[in-house]
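# Notes for the structure review
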Amino acid sequence: VTKLLSEYQPFPFDLEMVRLDFQLDPKATQVRARISMRPLRAAAPLELDGEGLVLRKISVDGRVLARTEYSQSDTGLVIHAAALPAQPFMLETEVEIAPASNTALEGLYMSKGMYCTQCEAEGFRKITYYPDRPDVMARFHVTVSGAGPVLLSNGNPVVQEAGRAEWLDPWPKPAYLFALVAGDLVAHSGSFTTMSGRAVALNIWVRAGDETRCGFALEALKRSMTWDEQVYGREYDLDIFNIVAVDDFNMGAMENKGLNIFNSKWVLASPETATDGDYERIEGIIAHEYFHNWTGNRITCRDWFQLCLKEGLTVYRDQNFTADMRLGPVKRIEDVMALRARQFREDRGPLAHPPRPDNYKEINNFYTATVYEKGAEIVGMLRHLVGEEGYRAALDLYFERHDGQACTIEDWLQVFEDSSGRDLRQFKRWYTDAGTPRLTITDSFKNGTYTLDFEQKTVPTPGQDDKPPRHIPIAVGLLSPQGRDLIETTILEMTEARQSFVFEGLAERPVPSILRGFSAPVELDFAPEAAPDLAFLLAHDSDPFNRWDAGGRLALQTVVAMAQGGAVDPSYSAAIGALLKDGAADPAFSALCLHLPAQDQIAQALHEAGKSPDPEAIYQARETLAQALAMAHEAALSELYEAMAVTGPYRPDPEPAGRRSLRLATLSLLSRIDGGARARTLFDAADNMTESLAALGLCVSAGVGVGVGEAALAQFRARWQGDRLVMDKWFNTQLIASKPDQALSRAQSLVQDPLYDWKNPNRFRSLMAGFSANHAGFHRQDGEGYRFYADWLLRLDPLNPQVAARMSTAFETWARYDLQRQSLMRAQLMRIAQTEGLSRDLSEMTARMLG
Ligand code: ARG
Ligand code: ZN
């Protein structure tokens with residue numbers, strides 16, 4: 001069944017209080033629910049969701065219902081109106097569930113002997129009969145017994161005794177925010193005093209042995225709490241805030257009220273086991289889940305079509321938090337890189353959908369880069385349109401007006417309209433229309449007047465042929481030929497299909513710097529006569545984002561030409577040489593400038609140029625370019641490699657992390673000409689996972705002769721085989737780093753490794769995503785990469801449809817390749833689609849990809 005936004009109906013009952021009583025047992029957990037309800041409409045039947053529940057008892061106001069008074073199906077239970085009083089009443093149910101056999105990791109399940117839950121989006125219906133929709137909010141009182149010793153749920157603890165605990169959450173919430181955790185856990189604890197002086201107990205709960213790796217996450221949580229008070233005026237609202245780390249988890253983390261549950265990968269960190277990138281992500285995800293307390297929990301979504309209301313805003317908030325904690329411009333570049341790699345890719349393929357979709361079959365398939373990351377970009381654009389103060393005023397109004405409510409995108413935009421007086425009707429298309437607009441730029445200069453002409457176009461996406469123009473904030477700077485800023489960065493507001501902007505009184509033709517800071521999620525095309533001097537911008541633009549982007553465009557042009565038989569562009573090589581000598585540049589920034597375009601990005605660029613991408617040629621071109629840069633700049637690279645060494649004990653802070661990233665970027669290039677010798681030395685010397693893992697990858701990819709890579713892999717495995725998070729990296733890194741013709745055989749032998757536990761989502765993903773990220777390996781001409789990958793999706797689907805469906809997006813780019821590969825990929829998608837008993841998740845994904 002397809003769910004439609006247009007069919008929204010409010011729920012005809014009010015829920016006052018929900019009392020849940022859990023008697024935990026791996027095979028037979030008893031859940032008793034007592035829900036006080038008030039009818040809002042006369043004679044409405046009571047529709048409750050419920051899946052996989054064994055109903056033991058159902059009564060209304062103490063009267064057990066006759067079998068004729070309700071109907072039951074696979075997806076729920078309807079109590080007929082005639083069986084219900086017209087006055088408030090108490091519904092009581094008792095059901096039995098089996099957490100130990102829950103392999104989908106949705107609802108109540110077990111991970112390494114511990115009970116935990118994941119209810120977003122629609123997992124609560126696997127726990128008890130309930131109106132499992134976000135606009136039904138209620139207070140929860142939860143009693144847990146039967147396991148332990150630690151027993152956790154949402155809100156504040158009211159009773160804690162041996163073998164039994166009661167929790168009361170004073171804040172009404174939708175069921176997707178419910179959580180329960182029980183098991184043998186230890187806490188790393190701390191406390192926080194809020195801005196109004198209330199003390200909050202903080203705990204990070206982990207399995208014994210992991211408590212030494214919680215310190216960073218706890219400090220990140222305190223920084224998040226402070227930041228949300230200072231920047232958004234938002235204070236925490238319970239006496240206790242618990243975080244639990246779980247090894248088996250489908251996603252990154254979950255913002256359950258007062259009881260966040262995390263994939264252990266995004267909590268646990270020590271210098272020996274976590275990379276600089278992991279530390280940054282942990283800080284960002286801790287912040288993200290904490291920020292949801294206001295943007296998601298206190299103000300939630302009316303229905304799941306509005307998912308980006310909470311996710312887009314919360315991603316935007318966590319991005320800004322990280323930008324404030326670390327290097328803002330570097331963070332912005334990283335975010336745009338991820339957006340282009342994942343969201344732009346999604347937007348131009350068969351899975352394109354609006355940030356606010358209007359139909360779906362399985363909502364879990366819409367936890368996407370479009371909903372999250374493009375959702376965040378839209379918030380950023382709103383801020384450009386209303387300005388700094390306008391943004392703060394709008395957010396204040398949002399919290400004031402909608403606290404305690406389940407809201408829509410319309411409510412959100414209304415707040416901006418009311419507080420700023422602006423008309424945002426056209427802007428709303430960003431939420432309702434799919435696809436990435438493409439801006440084509442031409443310019444002219446005459447008698448001191450410089451004119452920029454923009455044309456915007458968005459190509460049709462599945463189900464949306466008509467793409468009216470959008471309201472786009474374009475941040476523009478103008479540089480003198482000497483590289484001086486001639487104007488302050490200005491936001492041009494484009495609303496028409498074609499529009500010109502005029503700058504007067506200029507002494508000479510300026511060099512434009514367009515879309516500074518990536519002020520809108522659009523693609524830029526320059527008409528040939530307006531093609532910017534990219535090397536000039538890379539050297540002189542005062543906007544760090546555009547500086548980096550100019551370098552990236554230059555690199556892409558070069559490597560795209562090389563993939564078609566061209567040679568290295570000397571102006572690109574010279575620009576890199578200049579960059580290596582620029583002592584003033586921030587190391588983290590320089591490192592980003594040294595990263596060559598990803599193979600997937602090169603493939604897309606070739607496709608857009610009307611060529612069918614040849615994965616093998618792309619791989620070779622990129623290698624050749626890297627090698628040429630290394631040879632041309634060997635001395636400067638070696639010098640930087642030495643100069644960027646970090647001494648003293650490891651710290652995950654931005655400054656040393658930036659030095660390491662530049663060091664490793666130079667090492668990556670140098671490895672192309674030293675056979676992996678330096679990487680091998682670093683691998684032996686490294687005292688931290690950042691360098692150790694990067695060196696390992698380079699030993700594998702660059703290692704020539706007698707198995708430099710194999711030896712390093714074996715050593716790494718021997719050292720870390722007992723550490724699940726590090727072993728995930730081992731599986732992942734070697735597949736990404738493999739030579740294309742070795743990727744499949746490596747993947748095939750790794751699935752035989754006794755440590756390959758494919759039922760664990762992290763392990764499955766580390767192997768399979770590593771393999772599909774090996775562009776030329778996955779896209780082997782014989783199609784065996786596709787077959788291998790599809791085999792594993794089919795194996796996982798009956799156990800864990802959510803993860804299988806998500807991983808199927810490796811096939812979303814099928815249309816960009818040659819006819820042979822297209823038909824090989826489609827054949828695998830067809831084979832999946834036709835499999836009997838396929839999950840709703842994976843069948844929706846394959847159907848959409850097949851078109
Ligand atoms: N709300 C969570 C977050 O963004 C993600 C939960 C996703 N769960 C799912 N089943 N799709 O932090
Ligand atoms: Zn979120």
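Residues numbered from 1 in each chain as written. Chains lettered and ligands numbered in written order. Predicted model: local features only at pLDDT ≥ 70, side-chain atom pairs only at ≥ 80, totals over all residues.

### Here's the deal with the overall build of the protein chain
- Per the secondary structure count, the protein chain includes 26 helices and 31 strands.
- Taken over the C-alpha trace, the protein chain has a radius of gyration of 28 Å; the compact-globule value for 851 residues is 29 Å, and the two agree within 12%.
- Along the first, second and third principal axes, the C-alpha atoms of the protein chain reach 85 × 65 × 60 Å.
- Relative to its 851 residues, the protein chain shows a buried fraction of 51%.
- In the protein chain, the share of contacts with a sequence separation of at least 24, taken over all contacts with a separation of at least 6, comes to 70%. (Helix = DSSP H or I, 4+ residues; strand = E, 2+ residues; numbered from the N terminus. Rg over C-alpha atoms; globule rule 2.2 N^0.38 Å. Buried ≥ 20, exposed ≤ 12 C-beta atoms within 10 Å, placed from the backbone. Contact = placed C-beta atoms within 7 Å.)

### Overview of the confidence of the model for the protein chain
- Looking at the protein chain as a whole, the pLDDT averages 97, with 100% of positions reaching at least 70.
- Prediction confidence for the complex, expressed as pTM and ipTM, is 0.98 and 0.98 respectively. (pLDDT = per-residue confidence, 0-100.)

### Regarding the site of ligand 1
- Within the structure, ligand 1 sits among 13 residues, and Glu-120, Met-251, Met-254, Asn-364 and Tyr-367 are positioned closest to it.
- Across the shell around ligand 1, the residue classes break down as five nonpolar, four polar and four charged. (Near = placed C-beta within 6 Å. Nonpolar A, V, L, I, M, F, W, Y, C, P; charged D, E, K, R; others polar.)

### A few points about the environment of Gln-564
- With respect to the secondary-structure elements, Gln-564 resides in the loop between helix H9 (544-563) and helix H10 (570-581).
- Separated by 42 residues in the primary sequence, Gln-564 and Leu-606 place their C-alpha atoms 9.0 Å from one another.

### Overview of helix H11 (residues 587-594)
- Extensive coverage of H11 is indicated by the burial of eight of its eight residues.
- Along H11, the residues classified as buried are Pro-587, Ala-588, Phe-589, Ser-590, Ala-591, Leu-592, Cys-593 and Leu-594.
- On its buried side, H11 packs onto helix H4 (328-347), H9, H10 and helix H15 (654-674).

### A few points about helix H1 (residues 215-232)
- End to end, H1 covers 25 Å across 18 residues, agreeing with the expected 26 Å (1.5 Å per residue, within 8%).
- Inspection of H1 places Phe-216, Ala-217, Ala-220, Leu-221, Ser-224, Met-225, Trp-227 and Asp-228 among the buried residues, and these make up the whole buried set.
- Immediately beyond the C-terminal end of H1, within one or two residues, lies Gly-233, with a positive phi of roughly 70°. (Expected span 1.5 Å × (residues − 1).)

### Some words on the sheet that holds strand S5 (residues 54-60)
- Strand order in the open sheet formed by eight strands is S6-S5-S9-S3-S2-S12-S15-S14, with mixed pairing between adjacent strands. Where the open sheet ends on each side, the last strands, each with one partner, are strand S6 (63-64) and strand S14 (156-161). (Pairing = 2+ DSSP bridges.)

### Some thoughts on the packing of helix H18 (residues 708-720) against helix H19 (residues 724-737)
- Between H18 and H19, whose axes approach to 9 Å, the crossing angle comes to 165°. Between H18 and H19, the angle falls in the class roughly antiparallel. You can see that H18 and H19 cross each other, and the crossing is left-handed. Where H18 approaches H19, its residues Leu-713, Phe-716, Arg-717 and Trp-720 are matched on the opposing element by Val-726, Met-727, Trp-730 and Gln-734.
- Partitioned by chemical class, the residues of the contact of H18 with H19 number six nonpolar, one polar and one charged. (Axes fitted to C-alpha atoms, helices over the stretch in contact; angles between N-to-C directions. Parallel < 35°, antiparallel > 145°, perpendicular 65-115°, else oblique. Left-handed = near helix turned anticlockwise from the far one by under 90°.)

### Considerations on the UniProt feature "domain: Peptidase M1 alanyl aminopeptidase Ig-like fold" (unreviewed entry) in the protein chain
- Following the UniProt record, one finds the feature "domain: Peptidase M1 alanyl aminopeptidase Ig-like fold" (unreviewed entry) at residues 435-526.
- The annotated region residues 435-526 carries 0% helix and 49% strand content, and the separation between its end C-alpha atoms amounts to 19 Å. (UniProt positions renumbered as here; feature names shortened; annotations may be inferred.)

### A closer look at unusual backbone geometry
- The omega torsion of the bond from Glu-120 to Ala-121 falls at 5°, within 30 degrees of zero and hence cis.
- By the secondary structure assignment, Ala-121 is in the loop between strand S11 (114-118) and strand S12 (138-145).
- Of the consecutive residues Gly-148 and Pro-149, the connecting peptide bond is found in the cis state with omega at 5°.
- Tracing the backbone shows Pro-149 in the loop between S12 and strand S13 (150-153).
- Phi angles above zero are rare outside glycine, and Leu-515 is one such case at about 65°.
- Topologically, Leu-515 is positioned in the loop between strand S30 (511-514) and strand S31 (523-526).
- Even without being a glycine, Phe-518 presents a positive backbone phi close to 55°.
- Here Phe-518 is to be found in the loop between S30 and S31.
- The class of Phe-518 is buried, set by 21 C-beta atoms lying within 10 Å.

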